[in-house]
Amino acid sequence: MSVEMAEPIVVVNTEGLARDVWLNYRRKGIGGSDVASIFGCSPFRTLRDLYYDKLGLRVEEENPDNWVQLAVGNLLENLVGEIFSRKTGLEIMNDKRMYRSPRHPFMLADVDFIATLPNG
């Protein structure tokens, strides 16, 4: 069974985008960081937290318990990309865009890096 690849839709270029504007874009769908909350296995956010956030009733910053983890995660993004590239030998490129799935429009992705695979 072959799976036809569909090109993702670029929602917005996130480089230099103000955090509150970026959060408003994130509220328009479900991203990778939201999935752990949906399945009830996030140590940082409950499903209720996610629901309130998507409605714009509460934002992440209101939870003072996880600010360190969020800050460390942001600081480590480039290091993790470099480690991945060195371990796999794959070239990576920084990507500051938010994407939407054309097949499942509720699915969003903020991509930190894109890897170039040997077959292109």
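Residues numbered from 1 in each chain as written. Predicted model: local features only at pLDDT ≥ 70, side-chain atom pairs only at ≥ 80, totals over all residues. Heavy atoms only, no water.

### Side note on the sheet that holds strand β1 (residues 9-13)
Read across the sheet, 3 strands follow the order β1-β2-β3 without closing on themselves; strand pairing throughout is antiparallel. Of all the strands in the sheet, the pair left with one neighbour each is β1 and β3 (108-116). Strand-to-strand twist in this sheet, taken as the mean axis angle between neighbours without regard to direction, amounts to 50°. Relative to β3, helix α1 (residues 19-26) is tilted by about 100°, and along the sheet it contacts β1, β2 (91-100) and β3. (Pairing = 2+ DSSP bridges. Helix = DSSP H or I, 4+ residues; strand = E, 2+ residues; numbered from the N terminus. Axes fitted to C-alpha atoms, helices over the stretch in contact; angles between N-to-C directions. Contact = heavy atoms within 4.5 Å.)

### Some thoughts on the packing of aromatic side chains
All told, the structure shown has 1 aromatic pair when counted by the stated rule. Both rings, one in Tyr 51 and one in Tyr 52, keep their centres 6.1 Å apart while their planes meet at 45°; by these two values the pair is tilted. (Phe/Tyr/Trp six-rings, centres within 6.5 Å; stacked < 30°, edge-to-face > 60°.)

### Some details on the environment of Met 5
Note on placement: Met 5 falls in the segment before β1. Taking C-alpha positions, Met 5 is 37 Å from Asn 66, a pair spaced 61 residues apart along the chain.

### Notes on the layout of surface pockets
Considered as a void within the structure, the largest pocket measures approximately 1100 Å³ in volume. Trp 22, Arg 26, Ser 33, Asn 74 and Glu 77 are, among the 35 residues lining the largest pocket, the residues nearest its centre. The element contributing the most residues to the lining of the largest pocket is helix α4 (residues 67-88), with 7 residues. Looking at the lining of the largest pocket residue by residue, the classes come out as 11 nonpolar, 10 polar and 14 charged. Lining the second largest pocket are 14 residues; nearest its centre among them are Met 5, Ala 6, Glu 7, Pro 8 and Pro 102. (1 Å grid on protein atoms, 1.4 Å probe; cavity = no way out; pocket = protein on both sides within 12 Å on 5 of 7 lines; lining within 4 Å. Points joined across faces, edges and corners; volume = space filled by probe spheres on them. Nonpolar A, V, L, I, M, F, W, Y, C, P; charged D, E, K, R; others polar.)

### Considering the environment of Lys 54
For Lys 54, the location among the structural elements is in helix α3 (residues 47-54). When the C-alpha positions of Lys 54 and Val 72 are compared, they lie 24 Å apart, and in sequence the two are 18 residues distant. Those residues within four positions of Lys 54 in sequence are excluded, and the remaining contacts are Arg 26, Arg 27, Gly 29, Ile 30 and Asp 34. At 2.8 Å, the side chain of Lys 54 and the backbone oxygen of Arg 26 are in polar contact. (Polar contact = N/O pair within 3.5 Å; in protein donor to acceptor, adjacent residues only side chain to side chain.)

### Some words on the pairing of β2
As defined by bridge partners, β1 adjoins β2 across 4 bridges and the pair is classed as antiparallel. In the strand pairing of β2, Ile 9 is matched with Arg 100. Of the pairings in the sheet, the one linking β2 to β3 comprises 8 bridges and is antiparallel in character. Of the residues in β3, the one forming a bridge with Glu 91 is Thr 116.

### A closer look at the pattern of salt bridges
Scanning all chains against the criterion turns up 7 salt bridges. Between Arg 26 and Asp 34 there is a salt bridge, with the nearest N and O atoms lying 3.5 Å from each other. The same class applies to Arg 26 and to Asp 34, which are both buried. Among the charged side chains, a network of salt bridges with common partners joins Arg 26, Arg 27, Asp 34, Arg 45, Asp 53 and Lys 54. (Salt bridge = Lys/Arg side-chain N within 4 Å of Asp/Glu carboxyl O. Buried < 20%, exposed > 50% of the residue type's maximum accessible area, 1.4 Å probe, protein only.)

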